[in-house]
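Residue-level structure breakdown
Residue strings, one per chain:
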Amino acid sequence: MIKFLDLYKINQNHKLQLVEAFTRVLDSGWYIMGQELKTFEHEFAHYTGVKHCIGVANGLDALVLTIRAYKELGVFKEGDEIIVPSNTYIASILAISANNLVPILLEPNISTYNIDPTLIEAAITSKTVAILPVHLYGQLCEMEEILNIANKYNLKVIEDCAQAHGARNINGKLAGSFGDAAGFSFYPGKNLGALGDAGAITTSDDQLADTLRALLNYGSHIKYQNKYKGVNSRLDELQAALLNVKLKALDDETEIKRKIANRYINEVNNQKIIMPSADVQSAHVWHLFVVRVQNRQEFQEYLTDNNIQTVIHYPIPPHKQEAYRELNDLLFPISEKIHEEAISLPLSNVIDSSDVDHIISILNEY
Ligand SMILES: *Cc1c(COP(=O)(O)O)cnc(C)c1O
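Please read these numbers as outputs of a predicted model, since none were measured by experiment. (Residues numbered from 1 in each chain as written. Predicted model: local features only at pLDDT ≥ 70, side-chain atom pairs only at ≥ 80, totals over all residues. Heavy atoms only, no water.)

Across the interface, helix 2 (residues 15-28) lies against helix 9 (residues 237-247) with an axial gap of 9 Å and an inter-helix angle of 150°. Put simply, helix 2 runs roughly antiparallel to helix 9. For the element pair helix 2 and helix 9, the recorded crossing hand is right-handed. Contacts between helix 2 and helix 9 pair Gln-17, Leu-18, Ala-21, Phe-22 and Val-25 from the former with Glu-237, Leu-238, Ala-241, Leu-242, Val-245 and Lys-246 from the latter. Of the residues in the contact of helix 2 with helix 9, the class split is eight nonpolar, one polar and two charged. (Axes fitted to C-alpha atoms, helices over the stretch in contact; angles between N-to-C directions. Helix = DSSP H or I, 4+ residues; strand = E, 2+ residues; numbered from the N terminus. Parallel < 35°, antiparallel > 145°, perpendicular 65-115°, else oblique. Left-handed = near helix turned anticlockwise from the far one by under 90°. Contact = heavy atoms within 4.5 Å. Nonpolar A, V, L, I, M, F, W, Y, C, P; charged D, E, K, R; others polar.)

Okay, the site of the ligand next. Lining the immediate environment of the ligand, one finds Asn-58, Gly-59, Leu-60, Tyr-89, Ala-91, Val-134, Asp-160, Ala-162, Gln-163, Ser-185 and Lys-190. Gln-163 is positioned such that a nitrogen or oxygen atom in its side chain is 2.8 Å from an oxygen atom of the ligand. When isolated, the ligand has an accessible area of 380 Å², and the protein chains bury 90% of it. (Near = heavy atom within 4 Å. Polar contact = N/O pair within 3.5 Å; in protein donor to acceptor, adjacent residues only side chain to side chain. Areas by Shrake-Rupley, 256 points an atom, 1.4 Å probe, with all protein chains shown as cover.)

Here strand 6 (residues 181-185) lies mainly inside the structure; five of its five residues are buried. The two faces of strand 6 match: Ala-181, Gly-183 and Ser-185 on one face and Ala-182 and Phe-184 on the other face are all buried. Where strand 6 and strand 7 (residues 199-203) come together, five bridges link them in antiparallel fashion. Considered in strand 7, the bridge of Gly-183 is made with Ile-201. (Buried < 20%, exposed > 50% of the residue type's maximum accessible area, 1.4 Å probe, protein only. Pairing = 2+ DSSP bridges.)

Under the defined criterion, the tally for this structure stands at 15 salt bridges. Where Lys-9 meets Asp-352, a salt bridge forms, and the shortest distance between an N and an O atom there is 3.6 Å. Here Asp-352 lies in the loop between strand 11 (342-345) and helix 13 (353-365) and Lys-9 lies in helix 1 (residues 7-12), a separation of 343 residues in the sequence. What makes Lys-9 partly exposed here is its relative accessible area of 32%. Of the charged contacts, one joins Arg-24 and Glu-36 as a salt bridge, the two residues approaching to 2.8 Å between their closest N and O atoms. Note that Arg-24 is positioned in helix 2 and Glu-36 in helix 3 (residues 35-48), a separation of twelve residues in sequence. With relative accessibility at 42%, the residue Arg-24 sits in the partly exposed group. Classification of Glu-36 by relative accessible area gives buried; the value is 13%. Taken together, the salt bridges that share partners define one network made up of Arg-263, Glu-267 and Asp-357. (Salt bridge = Lys/Arg side-chain N within 4 Å of Asp/Glu carboxyl O.)

Following this line, the structure appears as structure tokens:
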């Protein structure tokens with residue numbers, strides 16, 4: 001079976017350095033908020049091109065705490081609205097509702113799967129405080145259009161970069177440096193993956209960074225002095241040390257994915273399979289290679305029968321989830337179509353070229 005994502009193989013590539021990093025942390029006797037975290041925050045901020053990177057426990061917390069920080073700073077309040085794509089992974093929406101703000105869902109563009117900027121202005125009300133674009137599957141949103149609208153209406157822009165580490169526009173500007181703040185996930189399967197949970201916020205806003213540093217650590221800047229009713233959402237030393245190893249390889253690994261994605265796009269020629277589109281090469285880091293087909297179940301079975309493992313991202317749209325009963329009656333036909341037809345093919349930096357050959361020929365024979 002060709003695995004959808006072989007995490008074992010991905011991390012074996014770095015085994016020596018990962019073990020070294022583990023040993024360094026073990027032998028340091030210092031396991032929370034030490035030098036490894038400082039180094040990672042410094043390196044990732046530098047990589048992204050922002051002033052601050054703040055490590056947190058996971059990607060969801062990165063988004064939850066960013067919105068929370070804006071509440072503590074008096075920029076957002078409960079009941080305010082945040083515009084978010086209807087076809088995102090549910091975490092982007094959970095981050096809004098966790099803060100008692102209201103998610104306003106907007107349809108994506110059917111060819112990029114990212115939020116359709118032409119729909120944003122009509123959705124803005126007196127309660128709108130932010131836009132939360134999600135660079136879905138690894139492709140940058142149309143940030144210029146989104147930032148223009150945000151400027152015009154004085155809205156914050158919080159990027160969900162959980163799938164877009166290292167995605168760049170034509171000027172080389174990176175995902176996580178466009179908005180006021182951005183949330184990253186380093187969940188093991190993400191393009192930059194830890195060996196457990198981890199996340200971070202990037203921002204160039206000093207005040208926001210300062211507030212976030214307190215919120216993630218019990219609401220405290222100074223030990224035993226609590227300014228906020230904070231949480232414990234620290235990125236621990238061990239994961240930071242492992243991420244320091246893997247960050248160095250990120251761009252090279254992305255380049256390998258890009259080559260494979262280009263092979264799929266150039267060599268698969270089958271009317272029944274709708275391939276993804278990527279105008280600017282560097283703007284897509286291929287966290288997922290998502291195609292669309294009419295009869296998805298049959299297609300998935302066909303691939304399974306031919307030893308190709310696939311995954312569906314995602315089977316049920318957020319507005320159809322039981323958790324969002326209040327949204328169940330809303331209609332998002334584009335989003336629903338994507339959720340009915342989307343299926344993700346194996347794509348990673350460790351997949352053999354003979355496996356890619358096999359996948360391409362099986363797709364062409366479908
Ligand atoms: C993975 C993901 C998250 C959440 O990250 P975790 O680290 O799993 O909490 C948020 N948004 C998107 C789009 C994601 O893919």
